[in-house]
Amino acid sequence: MPIRRKEMMNELDRLAASILNDAQRWLGTPASSGAIQPAGRLRTVRLCDVSARPVEWLWPGRIPLGQLTLLCGQSGLGKSFLSLDLAARTSGGVPFPGRETASEPPATVILVAGKDEVATVVRPRLEDAGADLERILLVDRVEVGRPDFGLGEAEQGTRGFSLETDLPALTDLLEEHPETRLVVIDPVGARGGPLEPSSHVPTGSTLARLAAVAAAHRVAIVAVTGLPTGLGARAFERWLGSAELAAGAVWLVAKDRDDRGRRLLLPAKLNLCSPPNGLAYRIKQGRLEWERRAVRMTAAEMIAAECERKGGDWTERQLAAQWLRELLADGPLAARDVKQQAWECGFSSGTVRRAMKLAGIKPVRSGYEKGAKWIWMATDGRN
C-alpha cells in the first residue's frame, strides 16, 4: 500500500508539472524557479558515444554559432551600427573584416531592434551596408490575444517584444526559418526587454535562456547591451568570470581616447579559442568603415588604462557608490530589486549597504501598513 501511494503521488507531481508548464507556455511566461518539478533520475552518456564536432563560427574567431555573444559599451559609440553591419554581412554573404572571402553563403537574419525607427534608420543603414533585405526578418511587434472562453470575442492587440515572455515565440520563429544563422537583439535591457533601454546588463537567467536558444538552433545570438555601471578593472574581471555571465563571447566597444572619431572593438571573453586581436572602425556619412590594421589591446587592458588615467582603480565601495547613483538616477527602486541587480553586477549586499551614504542614497518605507516594502532613493532631489 505505501508503494502504491508513493507511485500515485509521483504521478500527481508529474501531472501538476505538465499542466503548469503548458499553462506558462500558453501564456508566454517562463517557468519560475519555484515551479513544481517531477521526480526524476540522472541520465548519463558515455563520452565514447559522443561524436566530436568542430567549432562553427559566424565570424571566424570572433562570433561563434550556437552561443550568445554580448556587444557591451556605453551609449553613443556605434554599437547599433556594428550590429547592423553584422546583419548585413550575414544576409548578403559579404566577407567579415579580416577575411578575403565569405566562409558561408548568405543566410537569414532575425532582427529585434526596438530603439531605432525602422523606415528612416534601420533599413537605410542595412542597405548602405550591402544587406539582402529579403533575408532579414524584423520583429517589430508581438501579436497578443486572449481566448474568450465562450463569453464573447477574444481580445486582440500588439505589444513590444520581451525576452521575459517571448522566447517561446522566438523559438517558434527559428523553427519556421531553420536557415537562420544570426539573431540580433538591440538593445537588450536589464529586465529582459529590447524596448527598455538600460545601462545595465540583463539578468543572468535571461542570458542563460538566450544561450540555450542559441545552442538548440545552432545560431549566433548577438545582444547589444550596456556595461555594469561604475566598473573598474577588478570588478570587470570578476564580472567576466561570473557564473551568471552565460555568454560564450563578450566584446567591448570603446572610444579611442587619442582619436575622437575612432571606435575600438576589443575582446573581453571568448570560450572557444584564444582571444584574437581587437579591431577599429569609424562611422562616416552614415556607414561603418573598418580599419585593416589590428588593435593589440584587450577590453581588460583598456579599462585598466582608464582607471590609471583617472588616478588608480576605484575601491569596491567607490564602485558600488557610483553604480548606485546611476541606477537610481531616474527614480527609486525596491530595496530587493537593488540588491538583486547589485549581486548580478558583482557587488555584495554588504558593500552596497556601506556605499549608500557615499552615494547619497537613503532607504524609505513605502508605507505604514502591514507588508509595506522598503525602497531606495537618491537624496539630491531628483526623485
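Just so we're clear, the structure is a prediction, and the values are computed from it rather than from any experiment.

**Let's talk about the sheet that holds strand S15 (residues 361–365)**
With antiparallel pairing, the three strands of this open sheet are ordered in space as S14-S16-S15. Each edge of the open sheet carries a strand with a single partner, namely strand S14 (333–334) and S15. The strands touched by helix H10 (residues 349–359) within the sheet are S15 and strand S16 (374–378), with S15 carrying the most contacts at an inclination of about 110 degrees.

**Remarks on unusual backbone geometry**
Following Asp186, the chain continues to Pro187 via a peptide bond in cis, the omega torsion being -10 degrees. Secondary-structure assignment places Pro187 in the loop between strand S8 (180–186) and helix H5 (204–217). At Arg218, a position not held by glycine, the phi torsion is positive, near 50 degrees. Along the chain, the position of Arg218 falls in the loop between H5 and strand S9 (220–225).

**Points about helix H3 (residues 118–128)**
Where H3 is concerned, the buried positions are Val121, Val122 and Leu126. Buried residues of H3, viewed axially, fall in a sector of 105 degrees; they line one side. More than 90 degrees from the buried face of H3, the exposed residues found are Ala119 and Thr120. Looking at the buried side of H3, the elements it contacts are helix H2 (79–92), strand S4 (108–113) and strand S5 (136–138). The backbone nitrogen of Ala119 lies 3.0 Å from a side-chain oxygen of the residue at the head of H3, namely Glu117. Following H3 by one or two positions, Gly130 has its phi on the positive side, about 85 degrees.

**So, the nonpolar core**
With 40 residues, the main nonpolar core has Leu68, Leu70, Ile185, Ile221, Phe236, Trp239 and Val250 as its most contacted residues. No other element matches H5, which puts five residues into this core. Core analysis: the next-biggest nonpolar cluster, separate from the first, contains 35 residues, Trp59, Leu82, Leu84 and Phe96 among them.

**Side note on a nonpolar patch on the surface**
Taken together, the side chains of Val45, Leu47 and Val50 make up a nonpolar region of the molecular surface, amounting to roughly 320 Å² of accessible area. Locating Val45 in the fold gives a position in the loop between helix H1 (2–27) and strand S1 (57–59).

**Considerations on the packing of aromatic side chains**
The geometry of two aromatic rings is summed up by the distance between their centres and the angle between their planes. Throughout the structure, instances matching the rule amount to three aromatic pairs. With 5.7 Å between their ring centres and 80 degrees between their planes, Trp59 and Trp290 make a pair best called edge-to-face. Taken as a pair, Trp59 in strand S1 and Trp290 in strand S13 (residues 287–290) lie far apart in primary sequence, 231 residues in all. The buried category is assigned to Trp59, whose relative accessible area is 2%. Judged by its relative accessible area of 17%, Trp290 falls in the buried class. Through pairs of rings, three or more aromatic residues link up here, namely Trp59, Phe96, Tyr281 and Trp290. Lying over the aromatic face of Phe81, Arg125 brings its terminal NZ or CZ to 3.8 Å of the ring centre.

**Points about helix H4 (residues 163–176)**
Here H4 is 14 residues long and its end C-alpha atoms lie 19 Å apart, about the 20 Å a rise of 1.5 Å per residue gives. Along its length, H4 shows its largest kink, about 25 degrees, at Ala169. All buried positions along H4 are accounted for by Leu163, Asp166, Leu167, Leu170, Thr171 and Leu174.

**What about the confidence of the model for the chain?**
Summarising the model, the chain shows a mean pLDDT of 79, and 74% of its residues fall at 70 or more. Mean pLDDT values over the elements of the chain span from 57, in H1, up to 96, in S5. Taken as a whole, residues 26–34 scores under 50 in pLDDT and shows 14 contacts with residues more than four places along the chain or in a different chain.

**Some points on the pairing of S4**
Counted residue by residue, S4 has six buried out of six residues, so it is predominantly covered. The two faces of S4 match: Thr108, Ile110 and Val112 on one face and Val109, Leu111 and Ala113 on the other face are all buried. By the bridge criterion, three bridges tie S4 to S5 in an arrangement that is parallel. Residue Ile110 lies in a different strand from S5, and its bridge partner there is Leu137.

**Let's talk about the packing of H4 against H5**
Where H4 contacts H5, the two axes come as close as 11 Å, and the packing angle between them is 5 degrees. On the basis of the axis angle, H4 is roughly parallel to H5. Between H4 and H5, the residues in contact are Leu163, Glu164, Leu167, Thr171, Leu174 and Glu175 and Thr206, Arg209, Leu210, Val213 and His217, respectively.

**Thoughts on the environment of Gly204**
With respect to the secondary-structure elements, Gly204 resides in helix H5. Taking the C-alpha atoms as reference points, Gly204 and Ala246, separated by 42 residues in sequence, lie 7.0 Å from one another.

**Points about the side chain of Asp166**
Among the secondary structure elements, Asp166 is positioned in helix H4. Taking relative accessible area as the criterion, Asp166 reaches 4% and is therefore assigned buried. Looking at Asp166, its side chain comes within polar contact range of the side chain of Arg159, at 2.8 Å.

Criteria and cut-off values
Residues numbered from 1 in each chain as written. Predicted model: local features only at pLDDT ≥ 70, side-chain atom pairs only at ≥ 80, totals over all residues. Heavy atoms only, no water. Pairing = 2+ DSSP bridges. Helix = DSSP H or I, 4+ residues; strand = E, 2+ residues; numbered from the N terminus. Contact = heavy atoms within 4.5 Å. Axes fitted to C-alpha atoms, helices over the stretch in contact; angles between N-to-C directions. Buried < 20%, exposed > 50% of the residue type's maximum accessible area, 1.4 Å probe, protein only. Arc of directions from axis to C-beta. Polar contact = N/O pair within 3.5 Å; in protein donor to acceptor, adjacent residues only side chain to side chain. Core = buried A, V, L, I, M, F, W, Y, C linked by side-chain atoms within 4.5 Å. Patch = residues over 30% accessible without salt bridge, like charges linked within 9 Å, V, L, I, M, F, W, Y side chains within 5 Å. Areas by Shrake-Rupley, 256 points an atom, 1.4 Å probe, with all protein chains shown as cover. Salt bridge = Lys/Arg side-chain N within 4 Å of Asp/Glu carboxyl O. Phe/Tyr/Trp six-rings, centres within 6.5 Å; stacked < 30°, edge-to-face > 60°. Lys NZ or Arg CZ within 6 Å of the ring centre and 35° of its normal. Expected span 1.5 Å × (residues − 1). Bend = angle between axes of the 7 residues up to and from the residue. pLDDT = per-residue confidence, 0-100. Parallel < 35°, antiparallel > 145°, perpendicular 65-115°, else oblique.

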